[in-house]
Amino acid sequence: MRVSERAEAESAARELGVFLERRREQIAQRWADAPLFRTVFTVSRDEAVDACKAVVDALADVASTGRLEDVAAPGFDSAREQLGRMAASRARSGHTPAQIADEAAGLRTATAELLRGESPDPSGEDAREVLLALTVLMGTLRLVIMETTVNAGEELIARQRQQLLEVATPVISLWEGVVAVPLIGTLDSARSQVVMESLLQAIVEQRARYAILDITGVPTVDSLVAQHLMKTVAAARLMGAECVVSGIRPAIAQTIVHLGIDLGTVVTRSSLADALAYALSRQGIEVSRRPAGGDPR
């Protein structure tokens, strides 16, 4: 870009910034009726207008610096917080980042109408330069909204994944002083961390002396899974609880032997029932069958 062209672009950007500041109220009133704002702020239109004003102020700040194409321009920082909440709300409603960005593109039309309306010569060179600056600025805003929407979606997915991990690894109280974690599915690093944290928390809250890790529902046991189990067992011991691993099927036992995994220091049982019986016996509790025909009370 030649020096003269750069100077003209900077001048148009500054003029656009002045326009946005001057017509802030009118722009906000028009934007408040756009789908991007109207469908988010359904309780009060004044709330939508205030949100629009915050975004207009941010755009005016960006225009005053001349960094119309820079998504990292400081002026966008204040808009990101507002746009982030809106984008997250629209994403929860099932809208894609592209759809939300298209709604943002519609904001340009209302702003351009106001810009043309106050120009003495809408077809003049100066007016076209300012309108071009507006187009560039709104295009950058569209990118910012897409970026914010994608980030909001990723954060939502991460929270949902964490919630699913917690739901998929419940800690069950089997008896006074005995807790168990029935594991189902693949045991990766993230899930192993959740298992350990949940189990240790349960040991503290319930003052458990025995913790059972039941791997009946774990399809395969490799060296990584065994490592995770050993870490959990060690952590439980540090909390004063003895850990029992149950649900070791013949196929898993053979795999552990072939891999050379040493579980010699870990108490193991073939089933959850056997592990519970072990924990009860260690506490001096004996469970026996009721004699046939005996009093059920």
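The numbers attached to residues start from 1 for each chain and follow its sequence in the written order. With pLDDT at 70 or above as the cut-off, local features in this predicted model cover only qualifying residues; side-chain atom pairs require 80 or more to be listed or tallied, and sums for whole chains, interfaces and linings still use all residues. With hydrogens and water excluded, all non-hydrogen atoms of the structure serve as input to the side-chain values.

### Comments concerning the pattern of salt bridges
- Here a salt bridge means any side-chain nitrogen of Lys or Arg lying within 4 Å of a carboxyl oxygen belonging to Asp or Glu. This structure, assessed with the given rule, holds seven salt bridges.
- Between Glu-25 and Lys-53 there is a salt bridge, and its shortest N-O distance comes to 2.8 Å. One end of the pair, Glu-25, is in helix 2 (residues 24–31); the other, Lys-53, is in helix 4 (residues 45–65), and 28 residues separate them in sequence.
- A simple rule labels every residue: compare its accessible area, found with a 1.4 Å probe on the protein chains alone, to the largest value its type can have, and call it buried under 20%, exposed over 50%, or partly exposed in between. On the basis of relative accessibility, which here comes to 15%, the residue Lys-53 falls in the buried class.
- Residue Glu-242 is joined to Arg-282 by a salt bridge in which the shortest nitrogen-to-oxygen separation is 3.9 Å. Residue Glu-242 is located in strand 4 (residues 242–246), and its partner Arg-282 is located in helix 12 (residues 272–282); the two are separated by 40 residues in the primary sequence.
- A relative accessible area of 48% places Arg-282 in the partly exposed class. A helix here means a DSSP run of H or I that spans at least four residues, while a strand means a run of E at least two residues long, and both kinds are numbered starting from the N terminus.

### Quick word on the packing of helix 6 (residues 97–105) against helix 7 (residues 107–117)
- Between helix 6 and helix 7, the least distance of the axes is 4 Å, while the angle of their chain directions is 10 degrees. Classified by the angle their axes make, helix 6 and helix 7 are roughly parallel. The segment helix 6 lies against helix 7, with Glu-103, Ala-104 and Ala-105 engaging Leu-107, Arg-108 and Thr-109.
- In the scheme used here, Gly and all other residues not listed as nonpolar or charged are polar, with Ala, Val, Leu, Ile, Met, Phe, Trp, Tyr, Cys and Pro taken as nonpolar and Asp, Glu, Lys and Arg as charged. Looking at the contact of helix 6 with helix 7 residue by residue, the class counts come to three nonpolar, one polar and two charged. Fitted lines through C-alpha atoms serve as axes, helices being fitted only where they are in contact, and the angles separating the N-to-C directions of these axes extend from 0 to 180 degrees. Geometric relationships in this document are graded by angle, where less than 35 degrees denotes roughly parallel, more than 145 denotes roughly antiparallel, 65 to 115 denotes roughly perpendicular, and other angles denote oblique. Here a residue-residue contact requires only that any non-hydrogen atoms of the pair lie within 4.5 Å.

### Section: the confidence of the model for the protein
- pLDDT is a residue-level measure of predictor confidence that goes from 0 to 100. In this model, the protein carries an average pLDDT of 82, and 91% of its residues clear a pLDDT of 70 or more.
- The secondary structure element of the protein with the lowest average pLDDT is helix 5 (residues 75–92), at 73, and the one with the highest is strand 4, at 94.

### Quick look at the pairing of strand 2 (residues 178–184)
- For strand 2, the buried fraction is high: five of the seven residues fall into the buried class.
- Here, any two strands with at least 2 DSSP bridges between them count as paired. Both strand 1 (residues 172–175) and strand 2 contribute to a ladder of three bridges, which runs antiparallel. Paired with Ser-173 across the bridge in strand 2 is Val-179.
- For strand 2 and strand 3 (residues 210–217), the ladder comprises six bridges, and the chain directions are parallel. Looking across to strand 3, one finds that Val-179 is bridged to Ala-211.
- Handedness is read with the strands pointing away from the viewer; a crossover is right-handed when the path from the first strand over the helix to the second is clockwise. For the handedness criterion, the β-α-β arrangement of strand 2, helix 9 (residues 189–206) and strand 3 is classed as right-handed.

### Comments concerning the packing of aromatic side chains
- Pairs were defined over the aromatic rings of Phe, Tyr and Trp, the Trp ring being its six-membered one, requiring ring centres within 6.5 Å. Orientation was assigned from the angle between planes: stacked under 30 degrees, edge-to-face over 60, tilted for the rest. One pass over the full model with this rule turns up one aromatic pair.
- With a centroid separation of 6.4 Å and 15 degrees between ring planes, the pair formed by Trp-31 and Phe-37 is classed as stacked.
- Among the residues examined, Trp-31 registers a relative accessible area of 1% and is labelled buried.
- A relative accessible area of 0% means that Phe-37 is categorised as buried.

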